[in-house]
Amino acid sequence: MTKKEVRNLYKAKRFSLSSPERMKMDDLMLIWFQRLAFDTVTTVLSYWPIEERGEMNTHLFVRYLEYLIPGLRVCYPVINPDTAEMTAFEVNDDTTFKLNEYNIAEPENAVAVDPHDIDMVFVPLLAFDAEGYRVGYGKGFYDRFLMRCSPEVNKVGFSYFEAIDKIDDRNQFDVPLNYCITPQRLYEF
Ligand code: ADP
Ligand code: MG
């Protein structure tokens, strides 16, 4: 399937899930998430779930990491729509968030973090394939950002649906995932 076909299909599939169904799947994904190794993780880049897009509750996974790793640094992205660049900002209890033009909450009074300092990135996706390649929302924000991270960074995706066979129109910039978590299993690539 092409990315365009995948985007249309998986947006629709996600919208077909009810809110209670999604909550149940989020809990199942948290159980798989707990199987990952976190010994080297001190800084994580999460993303704010977009309710209108039916995204999974990433806060659950961040909360688990905060409980597990004392002093964990938690970052959220801020995008520049003109350049398609993304910057990670470290947040704390005093950070305020503001909705951007895509209705995504972004930190406004936080400190920018060097992408090389990030050990784990939650990578948003609409679908992924058997080799860990992903289809995002189509702007390449994460492909551009991950290029600037350490080669050792752990890239973790979450999906309510299982892997598709293959994304036919991969490009040279697409950065594959290391792990993808679904309600049914943990994929390791
Ligand atoms: P997504 O990753 O959001 O699903 P695509 O993979 O289709 O979106 O990428 C969107 C566009 O961004 C493509 O035209 C791709 O070539 C471009 N792109 C991605 N990463 C880079 C990069 N590092 N430098 C320049 N262009 C890039
Ligand atoms: Mg891509």
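Data block above holds the structure.
Here is a short report on the structure shown in this document.

What counts, and at which threshold
- Residues numbered from 1 in each chain as written.
- Chains lettered and ligands numbered in written order.
- Predicted model: local features only at pLDDT ≥ 70, side-chain atom pairs only at ≥ 80, totals over all residues.
- Heavy atoms only, no water.
- Salt bridge = Lys/Arg side-chain N within 4 Å of Asp/Glu carboxyl O.
- Helix = DSSP H or I, 4+ residues; strand = E, 2+ residues; numbered from the N terminus.
- Buried < 20%, exposed > 50% of the residue type's maximum accessible area, 1.4 Å probe, protein only.
- Core = buried A, V, L, I, M, F, W, Y, C linked by side-chain atoms within 4.5 Å.
- Contact = heavy atoms within 4.5 Å.
- 1 Å grid on protein atoms, 1.4 Å probe; cavity = no way out; pocket = protein on both sides within 12 Å on 5 of 7 lines; lining within 4 Å.
- Points joined across faces, edges and corners; volume = space filled by probe spheres on them.
- Nonpolar A, V, L, I, M, F, W, Y, C, P; charged D, E, K, R; others polar.
- Near = heavy atom within 4 Å.
- Polar contact = N/O pair within 3.5 Å; in protein donor to acceptor, adjacent residues only side chain to side chain.
- Areas by Shrake-Rupley, 256 points an atom, 1.4 Å probe, with all protein chains shown as cover.

1. Overview of the pattern of salt bridges
Oppositely charged side chains can pair when the atoms bearing their charge come close.
Now for step 1: Across all of its chains, the model carries 7 salt bridges by this definition.
Now for step 2: Note that E51 is salt-bridged to R22, the shortest N-O span being 3.2 Å. On the criterion of sequence distance, the pair formed by E51 in the loop between strand 1 (43–45) and helix 3 (58–68) and R22 in helix 2 (residues 19–33) is long-range, its members being 29 residues apart.
Now for step 3: The class of R22 is buried, set by a relative accessible area of 10%.
Now for step 4: Each member of the salt-bridge network shares a partner with another, and the members are D129, E131 and R170.

2. Points about the nonpolar core
Now for step 1: Among the nonpolar cores identified, the biggest contains 59 residues, and F33, F38, F61, L65, M120, F122 and F158 are the most heavily contacted of them.
Now for step 2: Sort the elements by how many residues they give to this core and helix 3 lands first, with 5 residues.
Now for step 3: Sequence-distant contacts of F61, defined by excluding residues within four places in its chain, comprise D26, M29, L30, F33, M56, F122 and F158.

3. Here we look at the layout of surface pockets
Now for step 1: Empty space within the largest pocket amounts to approximately 510 Å³.
Now for step 2: As for the largest pocket, its lining consists of 28 residues, and the residues nearest its centre are P124, Y137, K139, F141 and Y142.
Now for step 3: Residues that form the lining of the largest pocket fall into these classes: 14 nonpolar, 5 polar and 9 charged.
Now for step 4: Here the second largest pocket is characterised by a volume of approximately 250 Å³.
Now for step 5: Forming the boundary of the second largest pocket are 13 residues, of which V62, E66, V74, Y76 and V91 lie nearest the centre.
Now for step 6: Those elements giving two or more residues to the lining of the second largest pocket turn out to be helix 3 and strand 2 (73–80).
Now for step 7: Element by element, the count of residues in the lining of the second largest pocket is highest for helix 3, at 4 residues.
Now for step 8: Classifying every residue of the lining of the second largest pocket by side-chain character gives 7 nonpolar, 3 polar and 3 charged.

4. Points about the site of ligand 1
Now for step 1: With respect to spatial proximity, 15 residues lie near ligand 1, and among them K3, R7, G136, G138 and D143 are the closest.
Now for step 2: The contact in question runs from an oxygen atom of ligand 1 to an N or O atom on the backbone of K139, over 3.2 Å.
Now for step 3: G140 is positioned with one of its backbone polar atoms (N or O) 3.0 Å from an oxygen atom of ligand 1.
Now for step 4: Alone, ligand 1 offers 560 Å² of accessible surface; in the complex the protein occludes 74% of this.
Now for step 5: Taken together, the residues that form the shell around ligand 1 break down as 4 nonpolar, 4 polar and 7 charged.

Read these as spatial facts, not as claims about activity.
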